[in-house]
Each structure stands twice: as C-alpha cells, then as structure tokens.
Amino acid sequence: MRDYLAPILPGAVVGVLGSGQLGRMFAIAARQMGYRVHTFSPETDTPTGQVADVEITAPYHDLDAIRDFAKNVHVLTFEFENVPALAVEAAALFAPVRPSGSVLNIAQHRVREKSFLERNGFPVAPFRPVNSLNELRSAVEQIGCPAILKTAVSGYDGKGQIRLTSPTDAEAAYAATGSQEKILEAFVDFELEFSIVAARGHDGTFSHWGLIENTHRNHILDLSFAPAGVPQATSVEAVEIARNLLETLDVVGVLCIEFFLSRDQRIFINELAPRPHNSGHLTINAALTSQFEQQLRAVCGLPLGATDFLAAAAMANLLGDLWQDGEPNWAAAADCPDVKLHLYGKDQVRPGRKMGHLTALAPSADVAVERVLHARERLGEK
Ligand code: AMP
C-alpha cells in the first residue's frame, strides 16, 4: 500500500481526468517541473492531450479503462468536475484522487452544494430545490421574483439557466429547463462579482491570490482583474470564508469560490469549482506561483508556493465569436508588449467557446484592464 502522505516528486506521473484548457495549463506547469502527465477523456487531440505524455480516449463510464488509467499514475486530479462519481471511486482504488471524490460530489450538484454551504453557515442567497412544476410555483412564492432557475447538474457558463421576472414565468421556465432536477435561487442585485482561487495542502496549509474581480457577458466570464476593487473589510471577510470552506471540505488542491457583492455590501457565495478556474488564469503571468503549479504542488504533497503578485493584472477571454470574420490578427495583439497570448489548441471554433485568453500586467488593475481590452480589440484589425 502506498504511503499517501509521502510527497510525489518530479519524474512521477500525474493523471488528469478531463482534457480541456484547464488540464492543458496544468500539464504545462507539471511538465515544466519534470512530471509526466496522462490525460483521460472521451475525446482525442484535446487541449490537454496535445501537451500531455499520454492521452487516453475512453468514455468516463468505462470503468475498466478508468482502472487501467489509474494503475499507471501516481496521483490523480481532475480539470472537469462532471466526472461521474463511479469513475472517481473506481480510480481511487489504485491512486489517490485529490481533491477527493466527496468534494467533487458536493460541487457537481447545485442543490447539494448550496445545502452544504447553508448547513455549515456559509452565506448563500435563498434557494429551493425544484423537482416539479408545483414545487417551482411554491418556491417562487417563498423566494419572490426576480429569481433564477438553474439545472442542478451540468450547468456552466449560464447553460441551463432562466431568469423569472414574475410568477407567471414559472411554467415556461420549467418547460425550458427539461425534466431534470433544478434549483431556484433568489436573484442577487449585485454591485460586482469576484472570486477567490485558493489552495490547501495535505498538511492543511492554505494559500490564495486575494480577490479577483470578474465581469461576465451572456453569463460567460469575459474579464478578470486583480486586485479587485472592493473594500478591505470585504476582502478580509471573503478570505476567512475561503479558509474555513477549504478546511470544512478538507480540500487538497485548488478550489475557486465565486462570490457576489450585493449593493448593500453583503457577500454571497454563488458557486464552487473544485479545481483551477478561468478567473485564476491571470496568475500564470502575474504571480510567483500560478494556480496550476499550486494545484500540482498540493496534489503531489509538496509545500505550496508563494502567491505574491509581480504586478496588477487583467485577463480577457477569447471566445469563438472572435473568429466570425476569419482568423484573429495575432500579429496586432503581439504588438502589445505587456500582453501575453494563451491559446488552447482547439480546432473547432464555435461562438461562446473558450478558445484562449490574453493577460496584461500593469502598475494598476485599471491600466491592466485598458491594456488587455486594447489588445483584444486589435485582434479584430484587418
Ligand atoms: P453560474 O453558472 O451559476 O456561475 O452563473 C453565471 C452567471 O450568471 C453569474 O456569474 C452571474 O453573473 C449570473 N447569476 C447566476 N446566479 C445568479 C443569482 N442568483 N443572482 C444574480 N446573478 C446570477
């Protein structure tokens, strides 16, 4: 039996369940530090597979394939939280899975997640589980409008979400979200959204990159910048919430908490992602240790790295929409000397699909935002 607390050192093999851009950036960090990376997903020539040592292609429900995969790695992590619980359980018999399946189980289901947070005293907006149209009607009565109806699983980037502005919207909203389990959440009239990307080592050490402010377009993250423009007291409160939450969940790895700051200055947790997060991409260029290196350090049982920022930073996502008039003008963006280009190696372009991002460093967050938006605009130059 392996000693699960012994550090897993460079040269070892790290397995990643999932194969998107998060796995790709994780694999780059791991290979930089001399680890080997295996990735598992149902696809081929994936963003992660292109930079990993080994790419295994099989469905997540193929438990024999999952077991074979786990037998050939020293530790497993995931870059995608909708890996079925059975697959994680099967893998965990052969290699440690970090964060554990129980963290994944909570984070992959909105009702379980919100109930867990509420039960443990973390701030969430009022919500009700919804399993029928009648339950939706009484939830609307209790919570009031506006409210948001979301599917309990597999929803991300605003997929499976409908806003109800009046109780009469209930029937149409229920029909539009299909027969699956749902949750009704009170709409938070927020001043801004921010996230905390935090990490916890197996020895309980905690680290984070402070508050990162986020803006969304069509429910998809558009822009992130740090430091966030929030009062110091809010920042202290949110970091304490993050510390307590990672401890309560006994996380080993990176976990992102998305928050709302309401107009009356209260903070609410929107959702958890038990992995590196889009809002933390700016740490690659702007911090001493990136969220991906930290994930690697945490899951391998190494000491966590310093999270100091080298400068203020802003990150702008590059969605498939940018390709609508042809290939973006990479040379024009490269002409912006304080801006870094990251592309994920996806050959299928679709509107709304995350294809890459830009990060700008600057003496202040405002200037970093200006620089990154300017560079993104230049991508459209003909
Ligand atoms: P989610 O997929 O839950 O992260 O939601 C995506 C985005 O939709 C959030 O970042 C918010 O901009 C918006 N949103 C989701 N839930 C709420 C809510 N309860 N109140 C206000 N805005 C919300």
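Data block above holds the structure.
The structure presented is a predicted model; accordingly, all values stated were derived computationally and were not measured.

Enquirer: Please explain the overall build of the protein as it appears in this structure.
Expert: Along the backbone of the protein there are twelve helices and 16 strands. In terms of C-alpha radius of gyration, the protein reaches 21 Å, essentially the compact-globule figure of 21 Å for 382 residues. The dimensions of the protein, computed from C-alpha atoms along their principal axes, are 60 × 55 × 45 Å. Every one of the 382 residues in the protein was classed for burial, and the buried ones make up 55%. For the protein, contacts bridging at least 24 residues in sequence account for 63% of all contacts bridging at least 6. Counting every atom, the protein has about 16300 Å² of accessible surface; 51% of that belongs to carbon and sulfur. When the 33 positive and 45 negative side-chain charges of the protein are each reduced to one mean point, those points stand 2 Å apart.

Enquirer: Can you help me understand the packing of aromatic side chains in this one?
Expert: We describe a pair of aromatic rings using the distance from one ring centre to the other and the angle between the two ring planes. One pass over the structure, following the stated rule, counts six aromatic pairs. Look at Phe 40 and Tyr 60: their rings are 6.0 Å apart centre to centre, the planes differ by 35°, and that puts the pair in the tilted class. Here Phe 40, found in strand β2 (residues 36-41), pairs with Tyr 60, found in the loop between β3 (54-57) and α2 (63-71); they are 20 residues apart in sequence, far enough to count as distant. Residue Phe 40 is classed as buried on the basis of its relative accessible area of 0%. Here Tyr 60 falls in the buried class, since its relative accessible area comes to 12%. When the ring of Phe 194 is compared with that of Phe 259, the centres are 4.7 Å apart and the planes differ by 15°; the resulting orientation is stacked. Here Phe 194, found in strand β9 (residues 190-200), pairs with Phe 259, found in strand β12 (residues 253-262); they are 65 residues apart in sequence, far enough to count as distant. Judged by relative accessible area, Phe 259 falls into the buried class, the value being 1%. Three or more aromatic residues joined by ring pairs make a cluster, and in this case those are Phe 40, Tyr 60, Phe 69 and Phe 80. Arg 163 extends its terminal NZ or CZ atom over the ring of Phe 187, reaching a point 4.1 Å from the ring centre.

Enquirer: Explanation requested: the site of the ligand in the structure shown.
Expert: Taken together, 17 residues form the shell around the ligand, and within it Lys 150, Gln 161, Val 188, Glu 193 and Glu 271 come nearest. Between Arg 110 and the ligand, the recorded distance is 3.0 Å, taken from a side-chain N or O atom to an oxygen atom. For the ligand, an oxygen atom lies 2.8 Å from a polar atom in the side chain of Lys 150. Here the ligand, which alone exposes 480 Å², has 95% of that area covered by the protein.

Enquirer: Before we go on, may I ask you to explain the sheet that holds β9 in this structure?
Expert: Within a sheet, each strand pairs with its neighbour through backbone hydrogen bonds, oriented either parallel or antiparallel. One open sheet accounts for eight strands, arranged β13-β12-β9-β10-β11-β14-β16-β15; its pairing is antiparallel. Edge positions in the sheet fall to β13 (267-273) and β15 (339-343), since each of these pairs with one other strand and no more. Taken over all neighbouring pairs, the strand axes of this sheet differ in orientation by 25° on average, direction set aside. Relative to strand β16 (residues 354-362), β15 runs antiparallel, the two being bridged by five bridges. Bridge pairing in β16 places Leu 343 opposite Gly 356. In the packing of helix α8 (residues 232-248) onto the sheet, contacts are made with β9, β10 (206-217), β12 and β13, and the angle to β9 comes to roughly 45°. Of the strands in this sheet, β9, β10 and β12 are in contact with helix α10 (residues 291-299), which crosses β12 at around 130°.

Enquirer: Explain the side chain of Glu 213 to me, please; I cannot follow it from the model alone.
Expert: Note that Glu 213 resides in strand β10. Although buried, Glu 213 forms no salt bridge, and the nearest oppositely charged side chain, Arg 263, lies 11 Å from it. Here the side chain of Glu 213 touches Gly 229 through a polar contact of 2.8 Å, landing on its backbone nitrogen. Those residues in contact with Glu 213 that lie beyond four places of it in its chain are Leu 192, Glu 193, Phe 194, Leu 223, Ser 224, Phe 225, Ala 228 and Gly 229.

Enquirer: Help me understand the pattern of salt bridges, please; the structure alone is not making it clear to me.
Expert: Side chains bearing opposite charge may pair, as long as their charged atoms lie close to each other. One pass over the full model with this rule turns up 19 salt bridges. With its nearest N and O atoms 3.9 Å apart, the salt bridge here joins Lys 71 to Asp 68. Here Asp 68 and Lys 71 lie together in helix α2, a separation of three residues that amounts to about one turn. Asp 68 gets classed as partly exposed once you look at its relative accessible area, which sits at 42%. A salt bridge links Arg 378 to Glu 381; the shortest N-O distance between them is 2.9 Å. The exposure class assigned to Arg 378 is buried, which follows from its relative accessible area of 18%. When salt bridges with common partners are traced through the structure, they connect Arg 31, Arg 36 and Asp 53 into a single cluster.

Enquirer: In this structure, what is going on with helix α6 (residues 133-143)? I would like to understand it.
Expert: Structurally, the α-helix is built with 3.6 residues per turn, so residues lying three or four positions apart point the same way. Among the residues of α6, Leu 136, Ala 139, Val 140 and Ile 143 are the ones counted as buried. Seen along its axis, α6 keeps its buried residues to an arc of 100°; they face one direction. Those residues of α6 that are exposed and aimed more than 90 degrees away from the buried face are Asn 134, Glu 141 and Gln 142. Where the residues of α6 are buried, they touch β5 (127-130), β6 (147-151), β7 (161-164), α7 (170-176) and β8 (182-186). Within two residues after α6, Gly 144 carries a phi angle of roughly 85°, on the positive side.

Cut-offs used in this document
- Residues numbered from 1 in each chain as written.
- Predicted model: local features only at pLDDT ≥ 70, side-chain atom pairs only at ≥ 80, totals over all residues.
- Heavy atoms only, no water.
- Helix = DSSP H or I, 4+ residues; strand = E, 2+ residues; numbered from the N terminus.
- Rg over C-alpha atoms; globule rule 2.2 N^0.38 Å.
- Buried < 20%, exposed > 50% of the residue type's maximum accessible area, 1.4 Å probe, protein only.
- Contact = heavy atoms within 4.5 Å.
- Areas by Shrake-Rupley, 256 points an atom, 1.4 Å probe, with all protein chains shown as cover.
- Lys, Arg positive; Asp, Glu negative; His and termini not counted.
- Charge placed at Lys NZ, Arg CZ, Asp CG, Glu CD.
- Phe/Tyr/Trp six-rings, centres within 6.5 Å; stacked < 30°, edge-to-face > 60°.
- Lys NZ or Arg CZ within 6 Å of the ring centre and 35° of its normal.
- Near = heavy atom within 4 Å.
- Polar contact = N/O pair within 3.5 Å; in protein donor to acceptor, adjacent residues only side chain to side chain.
- Pairing = 2+ DSSP bridges.
- Axes fitted to C-alpha atoms, helices over the stretch in contact; angles between N-to-C directions.
- Salt bridge = Lys/Arg side-chain N within 4 Å of Asp/Glu carboxyl O.
- Arc of directions from axis to C-beta.

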